Amino acid sequence: MRLVIGSDHAGWSLKQHVIDHIKSLGHEVIDVGSHDDKPVDFPDIAREVARKVTSGEAERGIMVCGTGVGASIAANKMKGIRAAVCHDIHSAHQSVEHDDVNVMCIGAKIVGPWLASDLISSYLAAEFSTDEDFRRRVEKLHQMDAEG
């Protein structure tokens, strides 16, 4: 799978670990920044992650910021993105299985490298359910996205 990853300055310290873990699982990584700990605006990075996902350049995205919350808000402003903050294993896989999440957001100030690895493994192993109820609900999200 090809993934896009982005972080702001608060998430930068965890981002390299995340990249290394993704690569260890056999996936490709597109890194859209930040590339150091100098302050950046998370909406700019989230926009780049979202663009790579919606264009098809990446199948899914991961954003790392301080809490994951700002990144999730910003990514969800982009048409076609379903982003979720995931700080537990269940949410990491269920967000994909039930809601077809395509951008997972994690907080470097909330989770450490060990948990981040488990979250990412769970997120990447998950597949969107074929259950009619979940498909219907996500279709409604697509309709809401189209309405603006």
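Residues numbered from 1 in each chain as written. Predicted model: local features only at pLDDT ≥ 70, side-chain atom pairs only at ≥ 80, totals over all residues. Heavy atoms only, no water.

Participant: Could you give me a rundown of the overall build of the protein, with the residues and numbers involved?
Facilitator: Per the secondary structure count, the protein includes 6 helices and 5 strands. Computed over C-alpha atoms, the radius of gyration of the protein comes to 14 Å, within 12% of the 15 Å expected from 2.2 N^0.38 for 148 residues, which places it in the range of a compact globule. When the backbone C-alpha atoms are referred to their principal axes, the protein occupies close to 45 × 30 × 25 Å. Across the 148 residues in the protein, those meeting the buried criterion constitute 45%. In the protein, the share of contacts with a sequence separation of at least 24, taken over all contacts with a separation of at least 6, comes to 68%. Surface exposure of the protein reaches about 7400 Å², of which carbon and sulfur atoms provide 50%. For the protein, the separation between the mean place of its 16 positive charges and that of its 23 negative charges on side chains is 4 Å. (Helix = DSSP H or I, 4+ residues; strand = E, 2+ residues; numbered from the N terminus. Rg over C-alpha atoms; globule rule 2.2 N^0.38 Å. Buried < 20%, exposed > 50% of the residue type's maximum accessible area, 1.4 Å probe, protein only. Contact = heavy atoms within 4.5 Å. Areas by Shrake-Rupley, 256 points an atom, 1.4 Å probe, with all protein chains shown as cover. Lys, Arg positive; Asp, Glu negative; His and termini not counted. Charge placed at Lys NZ, Arg CZ, Asp CG, Glu CD.)

Participant: Describe the packing of aromatic side chains, listing the residues and the values that go with them.
Facilitator: To describe a pair of aromatic rings, you give the distance between the ring centres and the angle between the ring planes. As enumerated under the stated definition, the model contains 0 aromatic pairs in all. Just above the ring of Y123 sits the side chain of R60; from NZ or CZ to the centre is 5.2 Å. (Phe/Tyr/Trp six-rings, centres within 6.5 Å; stacked < 30°, edge-to-face > 60°. Lys NZ or Arg CZ within 6 Å of the ring centre and 35° of its normal.)

Participant: Quick one: what's the story with the pattern of salt bridges, residue by residue and with numbers?
Facilitator: Across all of its chains, the model carries 8 salt bridges by this definition. A salt bridge links R82 to D100, with the shortest nitrogen-to-oxygen separation between them at 3.1 Å. Here the residue R82 occupies a position in the loop between α3 (69-76) and β4 (83-85), and D100 occupies one in the loop between α4 (89-99) and β5 (103-107), the gap between them amounting to 18 residues. Classification of R82 by relative accessible area gives buried; the value is 14%. Look at D100 and you get partly exposed, because its relative accessible area is 21%. Salt-bridge contacts for R136 lead to D133; the nearest nitrogen and oxygen are separated by 3.1 Å. One end of the pair, R136, and the other, D133, are both in helix α6 (residues 132-147), 3 residues apart, so they sit about a helical turn from each other. Accessibility expressed as a relative area gives 38% for R136, which makes it partly exposed. (Salt bridge = Lys/Arg side-chain N within 4 Å of Asp/Glu carboxyl O.)

Participant: Tell me about the nonpolar core, and name the residues and values.
Facilitator: In terms of nonpolar packing, the biggest core is built from 23 residues, with L14, V18, I62, V64, M104, I106 and Y123 touching the most fellow members. Sorting the residues of this core by element identifies β1 (2-7), α1 (12-24), β3 (60-65), α4, β5 and α5 (113-125) as the ones contributing at least two each. It is α5 that contributes the most residues to this core, 5 residues altogether. Ranked by size, the runner-up nonpolar core spans 17 residues in total, among them V4, M63, C65 and A74. (Core = buried A, V, L, I, M, F, W, Y, C linked by side-chain atoms within 4.5 Å.)

Participant: Talk me through the packing of α1 against α5; I want residue IDs and the actual numbers.
Facilitator: Between two packed helices, what matters for the description is the angle formed by their axes and the separation of those axes. For the pair α1 and α5, the least separation of the axes is 10 Å and the interaxial angle reads 45°. By the criterion of interaxial angle, the relationship of α1 to α5 is oblique. You can see that α1 and α5 cross each other, and the crossing is right-handed. Residues L14, H17, V18, H21 and I22 of α1 form the contact with α5, whose own contacting residues are P113, A116, S117, I120, S121 and L124. Split into classes, the residues belonging to the contact of α1 with α5 amount to 7 nonpolar, 4 polar and no charged. (Axes fitted to C-alpha atoms, helices over the stretch in contact; angles between N-to-C directions. Parallel < 35°, antiparallel > 145°, perpendicular 65-115°, else oblique. Left-handed = near helix turned anticlockwise from the far one by under 90°. Nonpolar A, V, L, I, M, F, W, Y, C, P; charged D, E, K, R; others polar.)

Participant: Describe the state of the cysteines, with residues and values.
Facilitator: Considering all chains together, one arrives at 0 disulfides under this definition. Sulfur of C105: no disulfide; nearest cysteine sulfur belongs to C65 and is 6.8 Å away. You can call C105 buried: its relative accessible area is 0%. (Disulfide = S-S within 2.5 Å.)

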